[in-house]
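Each chain is listed here by its residues.
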Amino acid sequence: MLSLSLSARRLLPLPLRLPILLSPFSSSSSLSALPHPTSKDAYFAAVAHIAGVVTKDFYLERTLNRLRLPSLSPDLALRVLRASAPTNPLHARRFFNWLVSSHNANFAPSEEHFSALLLGLAKHRLWPHLWSVAAEMRALSLPLPESTFAAIIRSYGEARLPDLAVEIFNRLPRFGCTQTVEIYNSLLFALCEARNFNGAYALVRRMARKSVPPDRQTFSILVNGWCAAGKLREAQDFLDEMAEKGFKPPCRGRDLLLEGLVSAGYIESAKSIVLRMTKEGILPDISTFNSLLEALCMNDEAECGAALLNDASDRGLCPDISTYKTLIPALAKQGRIDSAFRLFHNSLDDGHRPLPSLYASIIKALCKAGRFADASAFFKDMKEKGHRVSRPVYTMLVKMCVRGGRFEEASGYLVEMVEQGLVPRVGSFEAVVDGLKDVGKYDLAKRMEQLEVEIRGV
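Draft legend 1. Region of the structure containing the overall build of the chain. Each helix and strand counted, the chain has 26 helices and zero strands in total. By residue count, 44% of the 458 residues in the chain fall in the buried class. Sequence-distant contacts in the chain: of pairs separated by 6 or more residues, those separated by 24 or more amount to 64%.

Below, the structure written as structure tokens:
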């Protein structure tokens with residue numbers, strides 16, 4: 001079977017092709033024998049197909065038996081579980097049982113296999129099945145990772161079941177799991193979701209007694225809970241009280257308040273705090289400031305975010321690349337091309353490389369405004385300065401030129417892509433060829449068709 005040509009493999013029915021797809025990873029000598037698709041492509045195609053069977057097929061055991069699969073490696077089984085458990089955890093568990101019981105007697109599940117199942121069951125709140133799997137894991141003397149328990153406790157919090165979350169927290173030592181700060185934070189989240197702030201504060205005091213130092217996430221969860229309840233004053237008083245008792249957060253209280261207000265949707269209050277801080281000469285943390293900018297851009301207030309950034313920069317705030325990646329596309333999308341250009345050049349002055357995601361949004365905005373000459377000149381300038389040009393940027397340029405009826409320019413960009421070793425999409429060729437034929441450019445359309453044939457070899 002391994003000696004079959006690629007064309008012959010394509011003609012095989014899928015049940016017969018799957019062993020071939022899996023075989024490159026069981027025989028290292030065949031890795032170089034497959035020109036296209038590569039062995040990695042074939043491997044992940046097999047993972048995707050098996051995961052599809054597990055997720056969608058009601059009679060999955062019968063279908064898997066009919067596929068005549070070779071012995072599945074632990075890595076492939078883990079990838080299938082991770083792909084199917086978030087969507088259909090009960091079917092994923094049936095696949096797991098099929099692997100262990102009948103298909104591969106030598107298959108030994110690891111804690112990673114169990115964790116993938118547990119996370120899917122927790123996501124869908126299938127608590128009885130979850131604890132049944134945990135009991136099987138305990139019977140095999142396999143340790144349960146703290147991150148998995150933290151996700152389970154958080155899922156109880158999202159379901160507004162804080163009592164059950166507390167019960168799980170108390171049962172952790174029986175599973176040999178240490179109560180880390182990540183687990184404490186998950187329980188804090190569950191308590192804050194239920195608006196049990198007294199219990200959350202008591203849990204922080206317990207962390208101090210158990211010598212578990214709280215981190216930024218600990219305080220963010222608590223402050224976010226207060227802000228989500230509309231109690232800004234209580235959040236500030238809470239931070240002050242925590243500081244007096246020695247529970248000092250690893251960041252400033254105002255930054256935590258800003259994050260809480262942004263998370264709760266109180267954008268106007270967050271803006272007023274930032275303005276008051278900058279007037280007092282106190283600059284917010286850049287990550288907190290970026291969170292506010294993201295919220296403003298989502299509310300179509302990118303121009304307001306640019307004004308805040310300009311004011312804060314004049315007072316010493318140093319924006320990072322995330323700041324520009326948030327604001328420049330948002331400004332360009334809202335038609336604020338001049339402001340986007342100004343921020344783009346500011347990012348260059350700050351020493352940041354012009355990522356395609358930064359200048360592509362400006363080019364797209366120029367095309368939408370009908371300024372194709374400016375877009376072409378700006379794109380040419382980026383190339384002449386040696387900045388990286390990606391396939392999506394070319395694809396976007398071709399698409400915008402086609403929409404604007406500039407089919408000859410679009411064909412030129414397709415030729416540039418090929419010259420740089422980038423393969424255009426089939427849809428790009430089809431749109432350009434159809435457009436050229438519509439305007440009577442049949443010779444150029446024929447050359448584009450020949451170019452596509454040369455690239456794809458069909």
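Draft legend 2. Representation of the pattern of salt bridges. Considering all chains together, one arrives at eleven salt bridges under this definition. For the salt bridge of Glu 303 with Arg 336, the shortest nitrogen-to-oxygen distance reads 3.7 Å. Taken as a pair, Glu 303 in helix 18 (residues 302-314) and Arg 336 in the loop between helix 19 (321-333) and helix 20 (337-349) lie far apart in primary sequence, 33 residues in all. Exposure remark for Arg 336: the relative accessible area of 43% places this residue in the partly exposed category.

Draft legend 3. Fine view of the packing of aromatic side chains. On inspection of all chains with the given rule, the structure shows ten aromatic pairs. On the numbers, 6.0 Å between centres and 25° between planes, the contact of Phe 95 with Trp 98 is stacked. Taken together, the positions of Phe 95 and Trp 98, both in helix 6 (residues 89-103) and three residues apart, correspond to about one turn of that helix. Across this residue pair, the class does not change: Phe 95 and Trp 98 are buried. On the numbers, 5.4 Å between centres and 85° between planes, the contact of Phe 379 with Tyr 394 is edge-to-face. With a gap of 15 residues between them, Phe 379 in helix 22 (residues 372-384) and Tyr 394 in helix 23 (residues 391-403) connect regions that are remote in the sequence. You can call Tyr 394 buried: its relative accessible area is 0%. Grouped by ring-pair contacts, the aromatic residues Phe 341, Phe 344, Tyr 359 and Phe 378 constitute a single cluster. The ring of Phe 189 has Arg 154 lying over it, and the distance from NZ or CZ to the ring centre is 3.8 Å. Geometry around Tyr 201 places Arg 205 over its ring, the cationic atom sitting 5.0 Å from the centre.

Draft legend 4. Representation of the packing of helix 10 (residues 162-171) against helix 11 (residues 181-193) in the model. For the pair helix 10 and helix 11, interaxial distance at closest approach is 9 Å and the crossing angle is 160°. Judged on the interaxial angle alone, helix 11 and helix 10 are roughly antiparallel. Remark: the crossing between helix 10 and helix 11 carries left-handed chirality. Together, Pro 162, Ala 165, Val 166 and Phe 169 of helix 10 and Ile 183, Tyr 184, Leu 187, Ala 190 and Leu 191 of helix 11 make up the contact between the two elements. Partitioning the contact of helix 10 with helix 11 into residue classes produces nine nonpolar, no polar and no charged.

Draft legend 5. Quick look at the packing of helix 17 (residues 286-298) against helix 19. Where helix 17 meets helix 19, the axes come as close as 9 Å, and the angle between the chain directions of the two elements is 15°. Relative to helix 19, the element helix 17 is oriented roughly parallel. In terms of crossing hand, the pair formed by helix 17 and helix 19 is left-handed. Along its contact with helix 17, which presents Ile 286, Asn 290, Leu 293, Glu 294 and Cys 297, the element helix 19 presents Ser 322, Thr 323, Thr 326, Leu 327 and Ala 330. Tallied by class, residues from the contact of helix 17 with helix 19 come to five nonpolar, four polar and one charged.

Draft legend 6. Summary view of the layout of surface pockets. Volume-wise, the largest pocket comes out at about 240 Å³. At the level of secondary structure, the elements contributing two or more residues to the lining of the largest pocket comprise helix 11, helix 13 (216-228) and helix 15 (253-264). If one sorts the elements of the lining of the largest pocket by residue count, helix 13 sits on top with six residues. Each residue belonging to the lining of the largest pocket can be placed in one class, and the counts come to five nonpolar, five polar and four charged.

Draft legend 7. Looking closely at the environment of Gly 405. Looking at the secondary structure, you find Gly 405 in the loop between helix 23 and helix 24 (407-419). A residue is classified by how much of its surface remains accessible, and Gly 405, at 41% relative accessible area, is partly exposed. Through-space distance from the C-alpha of Gly 405 to that of Gly 435 is 7.5 Å; in sequence the pair is 30 residues apart.

Draft legend 8. Structural context of the side chain of Thr 395. Locating Thr 395 in the fold gives a position in helix 23. Setting aside residues no more than four positions away along its own chain, Thr 395 makes contact with Met 417, Arg 425 and Ser 428.

Draft legend 9. View of unusual backbone geometry. Although it is not a glycine, Ser 141 sits at a positive phi angle of roughly 60°. By the secondary structure assignment, Ser 141 is in the loop between helix 8 (127-139) and helix 9 (146-158). Assessed through its relative accessible area of 63%, Ser 141 is described here as exposed. The residue Asp 300 is not glycine, and still its phi comes out positive at about 60°. Note on placement: Asp 300 falls in the loop between helix 17 and helix 18. Of the residues examined, Asp 300 reaches a relative accessible area of 60% and is grouped as exposed.

Calculation rules
- Residues numbered from 1 in each chain as written.
- Predicted model: local features only at pLDDT ≥ 70, side-chain atom pairs only at ≥ 80, totals over all residues.
- Heavy atoms only, no water.
- Helix = DSSP H or I, 4+ residues; strand = E, 2+ residues; numbered from the N terminus.
- Buried < 20%, exposed > 50% of the residue type's maximum accessible area, 1.4 Å probe, protein only.
- Contact = heavy atoms within 4.5 Å.
- Salt bridge = Lys/Arg side-chain N within 4 Å of Asp/Glu carboxyl O.
- Phe/Tyr/Trp six-rings, centres within 6.5 Å; stacked < 30°, edge-to-face > 60°.
- Lys NZ or Arg CZ within 6 Å of the ring centre and 35° of its normal.
- Axes fitted to C-alpha atoms, helices over the stretch in contact; angles between N-to-C directions.
- Parallel < 35°, antiparallel > 145°, perpendicular 65-115°, else oblique.
- Left-handed = near helix turned anticlockwise from the far one by under 90°.
- Nonpolar A, V, L, I, M, F, W, Y, C, P; charged D, E, K, R; others polar.
- 1 Å grid on protein atoms, 1.4 Å probe; cavity = no way out; pocket = protein on both sides within 12 Å on 5 of 7 lines; lining within 4 Å.
- Points joined across faces, edges and corners; volume = space filled by probe spheres on them.

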